[in-house]
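Breakdown of the fold
Now for the letters of each chain:
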Amino acid sequence: MSFFPTSRGAVPSPASRRGRMGRTLAATLLACVALVGHEQAASARTARAIAQQAAEDQDAIIATVNGAVLTKRDVDTRGRLFALSSGLDVSDDVMQRLRPQIVRQLIDEKLRMQEMLDRHINVPIQQIGDAIAGIEQRNGMPQNALRNKLAEDGVSLTTLIDQIRVQIGWSQVLRQETAEHGRITASEIEQRMAALKREDGKPEYMISEIFVPVEDPRHTENELKFTETIIQELRAGAPFPIVAAQFSQGQSALDGGMMGWTQEDGLDPQVVDVARKMPDGAISNPIRVAGGYVIATIAERRTVGHQMATILTIRQVFFPFDAPLDPENPTDQQKATLDTATAFANEAKNCDQMEAENKNLGEKHPSDPGELMLNHLNPQMREILEPLGPGKTSKPLVSSEGILVLMVCTRDERNIAIQTPSQIADHLMNERVEQTSRQLNRDLQRRAIIDMRSKT
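Our subject in this report is the structure included herewith. Bear in mind the structure is a predicted one, so any value in this text is a computation, not a measurement. (Residues numbered from 1 in each chain as written. Predicted model: local features only at pLDDT ≥ 70, side-chain atom pairs only at ≥ 80, totals over all residues. Heavy atoms only, no water.)

**Remarks on the pairing of strand S7 (residues 308–320)**
Counting buried positions along S7 gives eleven out of 13 residues, so the element sits mostly inside the fold. In terms of strand pairing, S7 meets strand S10 (residues 402–415) through 13 bridges, oriented antiparallel. By the bridge assignment, Thr 313 is partnered in S10 with Thr 410. With two bridges joining them, S7 and strand S8 (residues 372–373) adopt antiparallel strand pairing. Counted as the bridge partner of Leu 312 is Leu 372 from S8. (Buried < 20%, exposed > 50% of the residue type's maximum accessible area, 1.4 Å probe, protein only. Helix = DSSP H or I, 4+ residues; strand = E, 2+ residues; numbered from the N terminus. Pairing = 2+ DSSP bridges.)

See below:
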């Protein structure tokens, strides 16, 4: 007889408890699995939503230019291109200050590209490649260094290509425009030569500039802020030629802002006032000129009509290695090449021999690099060439790719400040092209339908 008969509320048997506990545990586990599954699905949906939102943000339209779309992605990518190519750690605050001018520059580029298309102007990819190589060379970069850097940091090379395509194509547009006004005449050249004679003894500058146009002369705050930001980056070490190629709206942008030797009457009066006072190599404060702001730097200065220089012509022979040199473990071929180069350097008597030998070796480097101005060479090369008389060879110069032997052919002292008629004609044409560029750009902006969607 049981004192506790089985009824509702009674204590179940151990076996019954074990069965019920198993079913409870299984149900709990299933609930946990379901909960985790829901959380994972929700997390995945959240990640997709964040990614989708980020993509939508990047594709947000900043402006339309005659129907062509300018997106936030375009602006961000151009900003990253500047940061990477300048070699500086550009802060978010600096990038934010650059954005309004980047937007304006991209709008101008779209207007210029549309004008190029209307005129059926096509820029060959080889010409773009040569321009990129020129930027690298002016900044002492190895070949393909800029492209490789962009690839490493995830910036499409297309961004740089598009910018350079517009710069080159716009130059062709301007050539068409200036051709309609006729070529530089003999009379204009004579007038400039007479002016140079009157300027004899006055200063002349090897000057580079970055030109920042002003949209509304009554309100220049944005352009001034942008110019001041660029100056800060230049003074922090950003290479002037790269910054000029990125941001200058002058026709010297493709040449890294380099204007060449320029007399005072070829500069804006405001720039002249600054140039007279600033030391060589310094970066100017913003200079307000007609149409915008100028940032200037002076490499050197001379007196009009008076600059003596040592001009060299040389020949070079390059003895190539069959593999990159490991200085600690040179190959037999590299040792033999050094012996051959040393023997040749001791035996060569004239520049004709140098040229013939370089051709026999495949002319990996040009036999004749052209006239060299001794004081413009880098210190290492100047140290090698300065003591060499005509017909004398250098010691073998070993690099990772091969061995170079140099010979001086001629050495002349020349007054390089005297400009030839051809140089004067080029300078006059550059001035005319610059004026045409500013005028045509204003005309395109006046005719354009530009719809700003966002203040970025």
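**Structural notes on the packing of aromatic side chains**
The final tally for this structure, using the stated rule, is two aromatic pairs. Lying over the aromatic face of Trp 261, Arg 302 brings its terminal NZ or CZ to 4.0 Å of the ring centre. Positioned over the ring face of Phe 211 is Arg 438, at 3.9 Å from the centre of the ring. (Phe/Tyr/Trp six-rings, centres within 6.5 Å; stacked < 30°, edge-to-face > 60°. Lys NZ or Arg CZ within 6 Å of the ring centre and 35° of its normal.)

**Side note on the nonpolar core**
Counting 54 residues, the largest nonpolar core has Leu 98, Ile 164, Ile 210, Ile 230, Leu 234, Val 243 and Ile 295 as the members making the most contacts within it. The element best represented in this core is helix H3 (residues 92–118), accounting for nine residues. Not counting residues up to four positions away in its chain, the partners in contact with Ile 164 are Ile 128, Ala 131, Ile 132, Ile 135 and Leu 254. (Core = buried A, V, L, I, M, F, W, Y, C linked by side-chain atoms within 4.5 Å. Contact = heavy atoms within 4.5 Å.)

**A few points about the sheet that holds S8**
Ordered by their spatial adjacency, four strands build an open sheet running S8-S7-S10-S9, and the pairing between neighbours is antiparallel. Unpaired on one side and paired on the other, S8 and strand S9 (397–398) mark the two borders of the sheet. Pairing of S9 with S10 involves two bridges; the strand directions are antiparallel. Across the sheet, the residue bridging to Val 398 is Ile 403, located in S10. Where helix H11 (residues 332–347) meets the sheet, its contacts fall on S7, S9 and S10, and the angle it forms with S7 comes to roughly 140 degrees. Lying over the sheet, helix H12 (residues 351–360) contacts S7 and S10, oriented at roughly 40 degrees with respect to S7. (Axes fitted to C-alpha atoms, helices over the stretch in contact; angles between N-to-C directions.)

**Brief notes about the sheet that holds strand S3 (residues 203–213)**
Strand order across the open sheet formed by four strands is S4-S3-S6-S5, with antiparallel pairing between neighbours. Where the open sheet ends on each side, the last strands, each with one partner, are strand S4 (258–263) and strand S5 (287–289). Across this sheet, the average inter-strand angle for adjacent strands is 45 degrees, counted without regard to direction. For S3 and strand S6 (residues 292–303), the ladder comprises eleven bridges, and the chain directions are antiparallel. In the strand pairing of S6, Met 206 is matched with Glu 300. Here helix H9 (residues 240–247) sits on the sheet in contact with S3 and S6, set at roughly 40 degrees to S3.

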